[in-house]
Amino acid sequence: MSIETRTPKPVDAERKLPAPLVNPENQAFFDATARGTLLVGTCHACGELHYYPRALCPYCFSDRTEWIAAKGTGTIYSYSTLHRGVPVPYTIAYVTLDEGITMMTNLVDFAPGSLRIGQSVRVLFRETEGGIKVPVFTPV
Amino acid sequence: MSLNGKAYIVGAYEHPTRKAPDKSVAQLHAESARGAMLDAGLTKNDIDGYFCAGDAPGLGPFSMVDYMGLKVRHVDSTDTGGSSYLIHVAHAAAAIAAGKCNVALITLAGRPRSEGSSGTQARNYGAAAPDAGFEFSYGLATANGYGMVAMRHMHEYGTTSEQLAWIKVAASHHAQHNPHAMLRDVVTVEEVLASPLIADPLHRLDCCVVSDGGGALIVARPEIARSLKRPLVKIRGAGEAVKGQMGGKVDLTYSGAAWSGPAAFAEAGVTPADIQYASIYDSFTITVLMQIEDLGFCKKGEGGKFVADGNLISGQGKLPFNTDGGGLCNNHPANRGGMTKVIEAVRQLRGEAHPKVQVPNCRLALAQGTGGQLGSRHGSATLIMERE
Ligand SMILES: [Zn+2]
């Protein structure tokens, strides 16, 4: 049966996201997601934002970085729904935040076939296996 | 220092197996190595340099040098995924030019088919991978990463699924002549589009095969190459690059080939128009299209038109590619296609490709590899070779 002719299942309802791989550098990111905050990296030396956030600025290599809260809104840069080889189809995406940087994420809570590149989305925080929350996005 | 003319590919061997549940990975490496030695007319004792990547079992060069009973004075285990073996050829040429070895052996082997590997499985490189915390939960597999790349290309340039399908069609035209190819049936654009959707917008027939197998190459200094009885395949130029998410300035519209390609062409002193045959890494159809644009065979965004209507089919089109059937139809050993890309280019330059797909008087060939994920971060390697 061709996938195009079958109705895709909703992505979010049945799929439990795997726990993120936490290490000493990224722990603060997940402390923030627990509070409902999406952190991005900023650099006080060159002024550039970066993602994923890290200790040293990937542009100027300064250590004067700080992780700051993003607004949590943006647009879809690209996406792809994985239909095969998985128990429940899910949609991976890059979302360009209104701050101008692009992050990998999942898209959830959308009507099948309704996604478009450039579409406005906003962040949600979805619990993974073990309880840590990660940012995902849904159409506005 | 330029690598141009500093070394020659004197041995090349593709393991004929496509499913090897009864062989070890080390054995497949060694059988491939032996095949390349026999092809070159060299023995194990001639080898004084050894190159392998992450597919080598155990502790890479330690385990394999010991297993094969080699005594070498130079090792290199550069790992850029599927592009590693093109980089190994370039690094071998550099090592030879620097006097670090005379005869370098490069091996690859793996059994992803026997081990149940699939491009729909999320990759887990462990919590220490700096990107893993921000990606693993989202289920970045291989197919959906390339799906995002294809989706964006379609959005930016109007590329269609039909155009991508032509890449598979061309590969299948070549694979019909390869008795070792996993998929030997010629397919049509319609059949590609009718195959199940794996990761939007990529169908099953947009994806490469999963196969067991291996391959090996031997690179030698010019005096040694001339002493052997094989056609001379000279290394003219090479380039390598790593491209990722660039701190959040993600741009999926081009690959690292946009950097490794110009470096290789500059070193070789040739242009894309001079290339008579190209092996182009084909993990997915979109992988080919992206690299063809980035290497300058056509303008950015015009790859869809370029690959359509059989333009990649040997004897029909302007750019004969992957005449062994490539990863799309023939073989993708260890889920790393760079080795077989070089091997088929060597066959073409020697005039030893299948007569039905042999490019007449093929003197200048290119091999292009990517490793990792065009959708997140990847290595790219370009190699230009000449029949002397
Ligand atoms: Zn900075």
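Residues numbered from 1 in each chain as written. Chains lettered and ligands numbered in written order. Predicted model: local features only at pLDDT ≥ 70, side-chain atom pairs only at ≥ 80, totals over all residues. Heavy atoms only, no water.

A word on the overall build of chain B
Each helix and strand in chain B was counted, giving twelve helices and eleven strands. By the compact-globule yardstick of 21 Å for 388 residues, chain B fits well, its C-alpha radius of gyration being 19 Å. On the principal axes, the C-alpha backbone points of chain B span a range of 55 × 50 × 40 Å. The 388 residues of chain B split such that 66% are buried. Summed over its atoms, the accessible surface of chain B is roughly 12800 Å², and 52% of this surface lies on carbon and sulfur atoms. Side-chain charges in chain B split into 36 positive and 36 negative, and the spacing between the mean points of these groups amounts to 5 Å. (Helix = DSSP H or I, 4+ residues; strand = E, 2+ residues; numbered from the N terminus. Rg over C-alpha atoms; globule rule 2.2 N^0.38 Å. Buried < 20%, exposed > 50% of the residue type's maximum accessible area, 1.4 Å probe, protein only. Areas by Shrake-Rupley, 256 points an atom, 1.4 Å probe, with all protein chains shown as cover. Lys, Arg positive; Asp, Glu negative; His and termini not counted. Charge placed at Lys NZ, Arg CZ, Asp CG, Glu CD.)

Notes on the coordination of the zinc ion
All names here are of chain A. Those protein atoms acting as donors to the zinc ion are C43 (SG), C46 (SG), C57 (SG) and C60 (SG), and they sit at 2.3 Å. Around the zinc ion sit four donor atoms, and with donor-metal-donor angles ranging over 102 to 117° the site reads as tetrahedral. Mapping the donors of the zinc ion onto the primary sequence gives the spacing C-x2-C-x10-C-x2-C. Placement of C43 in strand β1 (residues 39-43) and of C57 in the loop between β2 (49-50) and β3 (65-69) is noted, with a sequence separation of 14 residues between them. Assessed through its relative accessible area of 2%, C43 is described here as buried. Exposure remark for C57: the relative accessible area of 0% places this residue in the buried category. (Donors = N, O, S within 2.8 Å, 3.2 Å for Na, K, Ca; no water. Tetrahedral: all angles 85-135°; square planar, octahedral: opposite > 155°, others 65-115°.)

What about a negative patch on the surface?
Taken together, the side chains of B:E162, B:D185, B:E190 and B:E191 present a region of like negative charge at the surface. Overall, the relative accessible area of 62% leaves B:D185 in the exposed class. (Patch = residues over 30% accessible without salt bridge, like charges linked within 9 Å, V, L, I, M, F, W, Y side chains within 5 Å. Salt bridge = Lys/Arg side-chain N within 4 Å of Asp/Glu carboxyl O.)

Concerning the sheet that holds strand β3 (residues 74-76) of chain B
Residues and elements named next belong to chain B. Judged by pairing direction, the sheet is mixed, and its nine strands sit side by side in the order β3-β2-β4-β7-β1-β8-β11-β10-β9 without closing on themselves. The strands lining the two open edges of the sheet, one partner per strand, are β3 and β9 (277-280). In this sheet, adjacent strand axes meet at a mean angle of 20° when their direction is disregarded. For strand β1 (residues 8-14) and strand β8 (residues 233-243), the ladder comprises two bridges, and the chain directions are antiparallel. Pairing of I9 across the sheet is with V233, part of β8. Sheet strands in contact with helix α2 (residues 61-68) are β2 (49-51), β3 and β4 (103-110), and its direction is about 125° off that of β2. (Pairing = 2+ DSSP bridges. Axes fitted to C-alpha atoms, helices over the stretch in contact; angles between N-to-C directions. Contact = heavy atoms within 4.5 Å.)

Regarding the sheet that holds β1(A)
Within the open sheet, the three strands sit side by side as β2-β1-β3 (chain A). Their pairing is antiparallel. Among the strands making up the open sheet, the edge pair consists of β2 and β3 of chain A.

Examining the pattern of salt bridges
Residues and elements named next belong to chain B. Counted according to the given criterion, the structure contains 25 salt bridges over all chains. Of the charged contacts, one joins E344 and R347 as a salt bridge, the two residues approaching to 2.5 Å between their closest N and O atoms. A residue pair is termed a helical-turn pair when its members lie 3 or 4 positions apart in one helix, as E344 and R347 do in helix α12 (residues 338-350) at three residues. With a relative accessible area of 22%, R347 lands in the partly exposed category. With a shortest N-O distance of 3.5 Å, E352 and R350 are connected by a salt bridge. Salt bridges sharing common partners tie together R226, K234, R236, E386 and E388.

Some remarks on the confidence of the model for chain A
Scored by pLDDT, chain A comes out at a mean of 91, with 90% of its residues at no less than 70. Contacts for the low-pLDDT stretch residues 1-11 of chain A, under 50 throughout, to residues beyond four places or in other chains number 19 contacts. (pLDDT = per-residue confidence, 0-100.)

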